[in-house]
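The lines below spell out each chain.
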Amino acid sequence: SQQGEEDPQALSIQEGENATMNCSYKTSINNLQWYRQNSGRGLVHLILIRSNEREKHSGRLRVTLDTSKKSSSLLITASRAADTASYFCATDLGGGNKLTFGTGTQLKVEL
Amino acid sequence: GAGVSQSPRYKVAKRGQDVALRCDPISGHVSLFWYQQALGQGPEFLTYFQNEAQLDKSGLPSDRFFAERPEGSVSTLKIQRTQQEDSAVYLCASSLDTLYEQYFGPGTRLTVT
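The following refers to the structure shown. Position numbers for residues start from 1 in each chain and track the written sequence from start to end. Labels are handed out in written order, letters beginning with A for the chains and numbers beginning with 1 for the ligands. With the structure being a predicted model, the display of local features is reserved for residues of pLDDT at least 70 and the display and counting of side-chain atom pairs for 80 or more, all residues being used for whole-chain, interface and lining totals. Computation of side-chain values covers all heavy atoms of the structure but excludes hydrogens and water.

## A look at the environment of Q9 of chain A
All names here are of chain A. Going by this rule: Put simply, DSSP H or I for four residues or longer makes a helix, DSSP E for two residues or longer makes a strand, and each gets a number counted from the N terminus. Contacts were defined at the residue level, with two residues in contact if any of their heavy atoms lie within 4.5 Å.
Mapped onto the elements, Q9 comes out in the loop between strand 1 (5-7) and strand 2 (10-14). Q9 sits 55 residues away from T64 along the chain, and the two C-alpha atoms are 19 Å apart. The residues touching Q9, leaving out its near neighbours within four places in the chain, are G104, T105 and Q106.

Here it is as structure tokens:
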């Protein structure tokens, strides 16, 4: 069963705009991770945020975590066509680092 | 260095056949994970190894699924008497150890006809 749910399920924006995706989860976590998956390819790790962190940056990516609301957001600034992909949040509940994935957000960045 | 590799990339099996899916993790990675991803869904955990020890197999959907990692490196996921509901992409991931990010392979797309 999926631990998290991403919102929105699909997002279409113009190149140069910012894209925000949200993730909600149900139980206490050790950390939360965001992954990108291009069509027909494997998952690529983007960023990991620990339960005691509130915000993290990596290049054009900004992730926030609100453990009181059990939610996280991923912001991609100045989007590019190459950012077109599905984005998944995944929670690590602390039991050996197995990940529980959300349902994903399909992002399409148009030229 | 080389990433996680999986073979075959595509597998078509007739219902009732046995299949074996292989995963070569990144050299030196202690932890290895198998996930199943149905079309349009996020991956779901199947099983986890720490070196050669299978520490968690709670996600295996039935006793037709079996995984091994006998020497703590290459892993094989075997599915016996395949059913149509087994059709999915099977992803393997490895990590240096627990608490580190996981690196995923390209997956094996299994289609059971």
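## Quick notes on the nonpolar core
Keep this limit in mind: For this analysis, a nonpolar core means a set of buried residues of the types Ala, Val, Leu, Ile, Met, Phe, Trp, Tyr and Cys, connected via side-chain atoms within 4.5 Å. Per-residue accessibility, obtained with a 1.4 Å probe over protein chains only, is compared with the maximum for each type, and a residue is labelled buried under 20%, exposed over 50%, and partly exposed between these values.
Ranked by internal contacts, the top residues of the largest apolar core, which has 21 residues, are L32, W34, L74, I76, Y87 and L107 of chain A. Broken down by secondary-structure element, the contributors of at least two residues to this core are strand 3 (19-24), strand 4 (31-37), strand 5 (43-50), strand 7 (61-66), strand 8 (71-76), strand 9 (85-92) and strand 11 (105-110) of chain A. When sequence neighbours within four positions are dropped, the list of residues in contact with L74 of chain A reads A19, T20, M21, W34, L46, L61, R62, V63 and Y87 of chain A. Formed by 20 residues, the second largest nonpolar core is a distinct cluster that contains A13, V19, L77 and V112 of chain B.

## A closer look at the sheet that holds strand 3 of chain A
All names here are of chain A. Cut-off, in case you're wondering: Following DSSP output, two strands are said to pair if at least two bridges run between them. Note on definitions: angles span 0 to 180 degrees between N-to-C directions of axes, and those axes are lines fitted to C-alpha atoms, for helices only across the stretch in contact.
Read across the sheet, five strands follow the order 1-3-8-7-6 without closing on themselves; strand pairing throughout is antiparallel. Every other strand in the sheet has two partners, leaving strand 1 and strand 6 (55-58) as the edge strands with one partner each. Strand-to-strand twist across the sheet, computed as the mean angle between neighbouring axes with direction ignored, equals 20°. Here three bridges tie strand 1 to strand 3, and the two strands are oriented antiparallel to one another. In the strand pairing of strand 3, D7 is matched with N22.

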